[in-house]
Amino acid sequence: MCGIMGYTGDRDAKDILIGGLKKLEYRGYDSAGIALAADGTIEIFKDEGKVAVLEKQLDQAMEISKTGIGHTRWATHGVPCKKNAHPHRAGRVVLVHNGIIENEKELRAELDRQPISDTDTEIAAILLDTLYNGDPLTAIFQAIKRLEGSYALGILFEDQPQTLYAVRKDSPLIVGRGNGENFIASDIPALLEHTRQYYLLNEGEVAVLTKERITFFTADGQQVNKEVLTAEQDLQSAEKGGYAHFMAKEIHEQPEAVQATVSRYYKDHTLFPGEEFNIQGTIRIVACGSAYHAGLLGKYAIEKWARIPVTAEIASEFRYNDPILSKEDLIIVISQSGETADSVAALRLAKARGVPTLAIVNVWGSTLAREADRVFYTAAGPEISVATTKAYTCQAVLLYLLALKLAENELACEKIAALPSLLERVLEQGEQCRALAQKFKQAHRLFFIGRGQDHALACEGSLKLKEISYIHSEAYAAGELKHGTISLIEEGTPVIALLTDRERFSKTLSNVKEVKARGATVLAVTYENADLAGVADDILTLPPCSDLEAPMAGAVLLQLFAYYTAVERGNDVDQPRNLAKSVTVE
Ligand code: G6P
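Predicted, not measured: the structure shown is a model, and the values here were computed from it.

Caption draft 1: A look at the overall build of the chain. Regarding its fold elements, the chain presents 18 helices and 27 strands. Against the compact-globule benchmark of 25 Å for 586 residues, the chain has a radius of gyration of 25 Å, which places it among compact chains. If one aligns the C-alpha atoms of the chain with their principal axes, the spans along those axes are about 75 × 50 × 45 Å. Taking all 586 residues of the chain together, 62% fall into the buried category. For the chain, long-range pairs separated by at least 24 residues make up 71% of all intrachain contacts whose partners lie at least 6 apart in sequence. Carbon together with sulfur atoms contributes 47% to the accessible area of the chain, which is approximately 22200 Å² in total. For the chain, the centre of its 62 positive side-chain charges and the centre of its 80 negative side-chain charges are spaced 2 Å apart.

Written out as structure tokens, the structure reads:
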């Protein structure tokens, strides 16, 4: 979602802001802008479209500005257009914002100034300017008492041209410490070119940055010292490394990512060394998007092997369903970013009711990681492509390891430990997936079907395909098809049938025959030597593997299929329309 970059130092702020915004493009956005401060004036440049469009305007920017803020906007209040793009100005205040000001309407009615844009952000700027009497900190502390909702703000005051202010609540923002220069950013990749040293801002904290100094305050105005952290990711991780797209690179990084995740939690033939679990109630897995699909796999695996009841729920539903929870339950929140607004809210709800929480998170130090009682990190490394690949697979692997731990079945771990080499072999099937993508690229709609873990896999395969190819796709539990959806099957309707689960093979096969009899074109994903004669038009075969490994191997095949379909259709693979990598608003 929105990306924020801010700079104060001795270098040309505009270059640093543009460079940082480019590194944040992966978050998903529809307009971009920067504000440059110098000598008591602030110039704003902004437009709809990509950072490259904005860059073209900057020839007219002031010669020297050493302090500024930049923003990529993912529209919430008001359509994507120049007027609604950030930064927003109100009097002497200029700011950028990530989040949603929920009491915008009341504030709008209360403030006696007419905003220019349709955004909630401009209302925050007007509020700040109204409260500003020459003391920025007082104005900020007063403003945050009035603002409801979520916000990460980067703020400039016209008469303080060398100081950058930042505050966050329920939206991510970090502060980068350089040498004679300092930064704010939504995420680490924007900083890496300049510094590895950064601070995390806690809820409601305010940071004041000059080129020499960074000062932190709690929301009630107390100055605090903070621990400086060192980013471990390397610069290359935010580059494509010879691949045409980040998604292709990240698909190919999966053997390594899975290896790193497995070795973190399976050491010396011991699963989760030092970790104890005593779950008397239900495990409730809560997540959004692909992380939810990983949760479906987790439910399947834990119930099957450990015989502990598990639910998998969508966070945006869970948080408003007044869930019936017990202190004997365990809430597992899964998230790549650790910042997804609904997932964070679900975690807070569980904590408020005294239920133990565990976060499975990829981004170190993210909100979920900091707030959960326990954290297990997936070791996927930075993921840039909006459509998740390696983080999803690592989530699934981690859940399978957890299932085996809960089942006290350490023997089966050898299979999971062998997954990286299995995934290497799956990746060799790229050309086959490309050929199938050419065949399916003209489809207007298609169906994914499967049972058990193949149903979870169908959900993820279908989401992956639709989010980047824009082909309408639905995932169905194979046995459910005949309760309505089969009426949509006609001559040539593509159906992707997942038959990687040997226990359910014959049952799913019957469903495949049912759609075939009605004219479907069937692509089957299955294991070696599966008998599909006369039923499947095309077959993608997994390398030899057990049912335990099949969902991860299958996911990689379906990612390749989705990737090549999107490429064939000429889509923006890494930044699909309307989507954001990190969904920090509900
Ligand atoms: C967005 C991303 C998805 C992701 C979902 C949940 O929709 O595009 O790929 O699965 O958010 O994100 P999280 O960071 O919580 O895993």
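Caption draft 2: Quick look at the sheet that holds strand β25 (residues 494-499). In spatial order, the strands read β24-β23-β25-β26-β27; together these five strands make up an open sheet with parallel pairing. Looking along the sheet, the strands with just one partner apiece sit at the ends: β24 (472-477) and β27 (538-541). Going from strand to strand, the sheet's axes swing by 20° on average, the running direction of each strand aside. Of the pairings in the sheet, the one linking β25 to strand β26 (residues 521-526) comprises six bridges and is parallel in character.

Caption draft 3: The sheet that holds strand β7 (residues 149-157), seen in detail. Sheet architecture is open: seven strands sit in the order β5-β6-β7-β8-β12-β13-β14, paired in antiparallel fashion. Each end of this open sheet is capped by a strand with a single partner; those strands are β5 (88-90) and β14 (223-224). With four bridges connecting them, strand β12 (residues 206-209) and strand β13 (residues 214-217) associate as antiparallel partners. Across the sheet, alanine 207 pairs through a bridge with phenylalanine 216, a residue of β13. Against the sheet, helix α4 (residues 120-131) touches β5, β6 (93-101) and β7, its axis set at about 130° to β6. Of the strands in this sheet, β7, β8 (164-169), β12 and β13 are in contact with helix α5 (residues 136-146), which crosses β12 at around 160°.

Caption draft 4: Local environment of the domain arrangement of the chain. The domain boundaries assigned to the chain delineate domain 1 (3-237), domain 2 (241-417) and domain 3 (428-572). Distance from the C-alpha centre of domain 1 to the C-alpha centre of domain 2: 32 Å. With 13 residues of domain 1 at the contact, the number on the domain 2 side is twelve residues. Summing both sides of the interface, domain 1 and domain 2 together bury roughly 1000 Å²; the carbon and sulfur share of this comes to 52%.

Caption draft 5: Fine view of unusual backbone geometry. Omega for the peptide link from histidine 86 to proline 87 comes to 0°, which places this bond in the cis form. Mapped onto the elements, proline 87 comes out in the loop between β4 (67-73) and β5. Although it is not a glycine, aspartate 322 adopts a positive phi angle of roughly 45°. When you line up the elements, aspartate 322 lands in the loop between α9 (315-318) and β20 (330-335).

Caption draft 6: Structural context of the pattern of salt bridges. Under the definition given, this model contains 37 salt bridges. Between aspartate 322 and arginine 353 there is a salt bridge whose closest N-O contact spans 2.8 Å. One end of the pair, aspartate 322, is in the loop between α9 and β20; the other, arginine 353, is in the loop between α10 (341-352) and β21 (357-361), and 31 residues separate them in sequence. Residue classification places aspartate 322 among the exposed residues on the basis of a relative accessible area of 55%. Relative accessible area serves as the criterion here: at 33%, arginine 353 is assigned to the partly exposed category. One salt bridge in this structure joins glutamate 514 and lysine 482, with 3.7 Å as the shortest N-O distance. Residue glutamate 514 is located in helix α17 (residues 505-516), and its partner lysine 482 is located in the loop between β24 and β25; the two are separated by 32 residues in the primary sequence. Residue class for glutamate 514 comes out partly exposed when judged on its relative accessible area of 22%.

Caption draft 7: Layout of the nonpolar core. Core analysis: the largest hydrophobic core is formed by 110 residues, its most contacted members being Ile283, Ile332, Phe376, Leu406 and Ile416. Each of domain 2 (241-417) and domain 3 (428-572) contributes no fewer than three residues to this core.

Caption draft 8: Broad picture of the packing of aromatic side chains. Within the structure shown, the criterion is met by 14 aromatic pairs. With a centroid separation of 6.2 Å and an interplanar angle of 75°, the aromatic rings of phenylalanine 277 and phenylalanine 376 are classed as edge-to-face. With phenylalanine 277 in the loop between β17 (270-271) and β18 (283-287) and phenylalanine 376 in strand β22 (residues 374-377), this residue pair connects regions lying 99 residues apart in the sequence. Assigned by exposure class, phenylalanine 277 and phenylalanine 376 land together as buried. Judged by centre distance (5.6 Å) and plane angle (50°), the rings of phenylalanine 505 and tyrosine 527 are tilted. With phenylalanine 505 in helix α17 and tyrosine 527 in the loop between β26 and β27, the pair connects residues that are 22 residues apart, well separated along the chain. Taken together, the ring pairs in this structure connect Tyr265, Phe272, Phe277 and Phe376 into an aromatic cluster.

Caption draft 9: Region of the structure containing the environment of valine 93. Along the polypeptide, valine 93 turns up in strand β6. For the pair valine 93 and alanine 125, spaced 32 residues apart in sequence, the C-alpha to C-alpha distance is 6.3 Å. Excluding anything up to four places from it in sequence, valine 93 contacts His88, Ala125, Leu128, Asp129, Ile155, Leu156 and Phe157.

Caption draft 10: Inspection of the pairing of β7 at higher detail. Summarising burial for β7: nine of the nine residues are buried, a large majority. Both faces of β7 are covered, namely the face carrying Gly149, Tyr151, Leu153, Ile155 and Phe157 and the face carrying Ser150, Ala152, Gly154 and Leu156. The pairing of β7 with β8 spans five bridges and is antiparallel. Counted as the bridge partner of tyrosine 151 is lysine 169 from β8. Between β7 and β8, which pair antiparallel one after the other, the connecting turn spans six residues.

About the cut-offs
Residues numbered from 1 in each chain as written. Predicted model: local features only at pLDDT ≥ 70, side-chain atom pairs only at ≥ 80, totals over all residues. Heavy atoms only, no water. Helix = DSSP H or I, 4+ residues; strand = E, 2+ residues; numbered from the N terminus. Rg over C-alpha atoms; globule rule 2.2 N^0.38 Å. Buried < 20%, exposed > 50% of the residue type's maximum accessible area, 1.4 Å probe, protein only. Contact = heavy atoms within 4.5 Å. Areas by Shrake-Rupley, 256 points an atom, 1.4 Å probe, with all protein chains shown as cover. Lys, Arg positive; Asp, Glu negative; His and termini not counted. Charge placed at Lys NZ, Arg CZ, Asp CG, Glu CD. Pairing = 2+ DSSP bridges. Axes fitted to C-alpha atoms, helices over the stretch in contact; angles between N-to-C directions. Domains from an automatic or database assignment. Buried area = accessible area lost by both parts, 1.4 Å probe. Salt bridge = Lys/Arg side-chain N within 4 Å of Asp/Glu carboxyl O. Core = buried A, V, L, I, M, F, W, Y, C linked by side-chain atoms within 4.5 Å. Phe/Tyr/Trp six-rings, centres within 6.5 Å; stacked < 30°, edge-to-face > 60°.

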